[in-house]
Amino acid sequence: AAHTHRPGLSPSGSPGQSHGLHKERKMCCVTHSPDGIVGKLVRACEIVAESAFFDRVILFCIVVSSVTLAIENPSIGDNSPTRRALDVIDIIMNAMFFLECFLKVFSKSFKVYIKSGWNRLDFLIVVTSAIDLAIQIFAPSVRLDIFKLFKILRALRPLRFVARVRKLRILASTISSAAKPVANTGVLALGVFTIFGVLFMQLLGGKMNSCSDPLIINYIDCDDLVDGVKRDWVAYPVNFDWILPAIQSVFVLATQDDWPNHMLAGIDATDTRTGPFQNKQPGLVIFYIATILLAGYLVVNIFVGVFVDCYQSAQLEMQEGQTAKVAKETLPPVFDDPPRGSFRGLVFNLVTTTNFDLFIALFIVLNVLSMAFESWKQSDFQNEFAFVTNYFFSFIFGWECIAKIYAFKSRRYFTNGWNKFDFFIVTVSFGGILIDNLGNTFPIDPTVLRILRVFRIFRILRAFRIFKAAKGLQQIIATLGGSLTSLMSLFMMLLLMFFIFSILGVSLFSNLCADGDAGAHGMRGVKCFVTPTEMQMEVTAHFKVIHWALLTLFRVATGDAWGALMDASGIAPDAREVEGITDGKWLVFTETLGYDPSALGSGDPNFLDRMSATAYIDMAKVAIFNWNASVYGMEEDADWPMPGSKPEAEAWITVFASAMPTCLTEDEMNILKADGLVDCDVGGYDGSPLYRKECFSTCGSAFSIFYYGSFFTVAAFVLLQLVIAVLMEQLNKAEDNDMEMTMLMPGAENLHRAIFLRIHRRWELNARRRIKVKRRKALQNGAAPAVQNRAAENGGSV
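All values derive from a computational prediction rather than experimental measurement.

## Some details on the overall build of the chain
No. 1: Along the backbone of the chain there are 31 helices and six strands.
No. 2: Each of the 798 residues in the chain was classed as buried or not, and the buried ones make up 40%.
No. 3: Restricting to contacts in the chain with at least 6 residues of sequence separation, those with at least 24 account for 70%.
No. 4: Total accessible area on the chain stands at roughly 44,100 Å², and carbon and sulfur atoms take up 64% of it.

And the structure:
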């Protein structure tokens, strides 16, 4: 017994000296004691890392970092103040994120820190951001494809919001729990797409080609430049030439994006060496429709159904601890009814009847119909009709409001949300009438009067009173209200995903040419001369700035011609003629130039070796130089960059496009910029400062297929479908269980909510009556009990 002691105490009996505290702790590869200097530093780091203030500071840094990512766009010059400010902020934010990572690793040990999935995400972002920052500082001129990856990974920084917002974290965990069954379904979908892709390869492989000149049918006639027209044998964007584009094409058909035109293109296909002929293979309609039915309707909806089912199952598991709040949140206050036989009691009996509700509902419907009678450039009769009906319905709804306030008393009246809405509409309606009359009676500044007449717009809110007239519409509103929490989480996740993909889009596709870019001032439009119009991004759908990127992604999520955007974003340079210029191109070049530069002596500065590996670059330089010489100073011409008064300008642009077809690589851009034949700087033309800007390729990215495919799958097939699933779940609950009649109270197996509310109302009213009786007896006996101070009087709730 002399050698025993209580746990947590040393043998001497002093607290705080337990064997557990003497246990040494390992931090990374260093073993330290908690009582040493290192141990105290670890404890200090742990306190700082886990403090609420530090967490709010990091959250603020995440917001600032996300804002800087949103500001990034190609129009920011390399030496502009905006660029310098963004670089400084980026350094500060990276330092803060590194400090957070260091404190957590130092206090927990790297092994413990890296076990958390959210910490692994933070660590990846911190490491890649540090590498990207080091490259910018120490090797800014080094350009490798692997370095671009670190810039792209910066778009993941907003994901750190998920780890710090509880609802988003729960939603992310719920979605991730469905990963395994969804992955199995995804493999099934990929297998079906592959089968259909192979089938279409056998039927249409290599046949969906045509000449860029619609007058040419045969492949052998579609070559080089003829009469200034550039001819290329091109494949239809949705083709089945080999397995990867075949699977991609089946996926596009499954999403039903512009499927009639894709089907007609397949029907018109003829052979590998001939162009399309109308209705050549009408039997292919069966295969296209079968693909849409099986791949589009069946497989895709199986994928969506599995995901939604897993999501709902996970949601049910997390809702078990939330039912205890129902009684407290839904228990309404109890009010005394007015005395029977009194005038207020008569008004109360009138406004609480079903006939009165139907009477008001009739006027609501008539009011909606009268507002629908209005139109642009109304006749005098319409103006007079609108004037009379506005006064009439304002009078009806005003008296309804007054009658209910008198019958219910103000406290009881404003407890109901619909009554608040009615009062607001009535107040705004009379305010609009007052403003109209003041404007006609007293001289008021027209600008002020127009601002005040904005109140008239609120009259349209009367139409929303139709929801009050129909219980079915009220059920829909109740459904929206009941699912608001889940919907807000889904919308937040959807918005975050849109933001991340828009940043990725700006990083990947901001260099692409959009419709109208070729008409930029001076030499700035040269880089887009070679890109065909049909392969350019649309002027209303591109990724040059964050807000247009968001709108473009919204268009993709709705499935509106997103396949065309994917094709434009994946544009690749056509093969360069490194073994010499073909006869047709060289003939057009020499005819436009006026002489044959290959016939000159090698010592002549205008000599051009047609068969050299760089002949296409030299031809492009000559074309741009002569184009610039012919149109110099004509930027204000309506037909710029090919003014009608200078027909040779169009010819030189055609020669340039034939030398470097489709798009310009980064090396080609730098070669042209070194000779002053392309300008990538920003500003300077509209009075704004001129800033230097490096030139980048105008070609797309092979990543575009994965980018658009993953975004469309997540946005259209997952998150938007989850929104529908949440609403449908609430509607089904409302239909299957009359919410007011069959919903059970928490902890009760047989007590329904409606019965409980009646019991509660009867109990409280009886309690009030007993209090009043006791108070009356006490007053008769001359006493003043304390109960009279707690009694609810004049219809007040307890």
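## A few points about the packing of aromatic side chains
No. 1: The full count for this structure, using the stated rule, is 38 aromatic pairs.
No. 2: Summarising the aromatic geometry, the rings of F359 and F363 are spaced 4.7 Å apart at their centres and angled 80 degrees between planes, so their arrangement reads as edge-to-face. With F359 and F363 both in helix 16 (residues 354–372) and four residues apart, the pair spans about one turn of that helix.
No. 3: Taking relative accessible area as the criterion, F359 reaches 42% and is therefore assigned partly exposed.
No. 4: On the basis of relative accessibility, which here comes to 10%, the residue F363 falls in the buried class.
No. 5: Over the face of the ring belonging to F97 we find R160, whose NZ or CZ atom lies 4.6 Å from the ring centre.

## Overview of a nonpolar patch on the surface
No. 1: On the surface, a nonpolar cluster with roughly 610 Å² of combined accessible area is contributed by L188, I289, L293, L294, Y297, L298 and I302.
No. 2: Here the nonpolar patch takes six residues from helix 13 (residues 284–318), the largest share from any one element.
No. 3: Among the secondary structure elements, Y297 is positioned in helix 13.
No. 4: Judged by relative accessible area, Y297 falls into the partly exposed class, the value being 43%.

## Focus on the pattern of salt bridges
No. 1: Counted under the stated rule, the structure contains 19 salt bridges.
No. 2: E400 is the partner of K404 in a salt bridge, and the nearest nitrogen-oxygen pair spans 3.4 Å. On the criterion of helical spacing, the pair formed by K404 and E400 is a turn pair, its members being four residues apart in helix 17 (residues 380–413). Residue K404 shares its accessibility class with E400, and that shared class is buried.
No. 3: Through salt bridges that share partners, E100, K104, D122 and R160 make up one connected network.

Analysis parameters
Residues numbered from 1 in each chain as written. Predicted model: local features only at pLDDT ≥ 70, side-chain atom pairs only at ≥ 80, totals over all residues. Heavy atoms only, no water. Helix = DSSP H or I, 4+ residues; strand = E, 2+ residues; numbered from the N terminus. Buried < 20%, exposed > 50% of the residue type's maximum accessible area, 1.4 Å probe, protein only. Contact = heavy atoms within 4.5 Å. Areas by Shrake-Rupley, 256 points an atom, 1.4 Å probe, with all protein chains shown as cover. Phe/Tyr/Trp six-rings, centres within 6.5 Å; stacked < 30°, edge-to-face > 60°. Lys NZ or Arg CZ within 6 Å of the ring centre and 35° of its normal. Patch = residues over 30% accessible without salt bridge, like charges linked within 9 Å, V, L, I, M, F, W, Y side chains within 5 Å. Salt bridge = Lys/Arg side-chain N within 4 Å of Asp/Glu carboxyl O.

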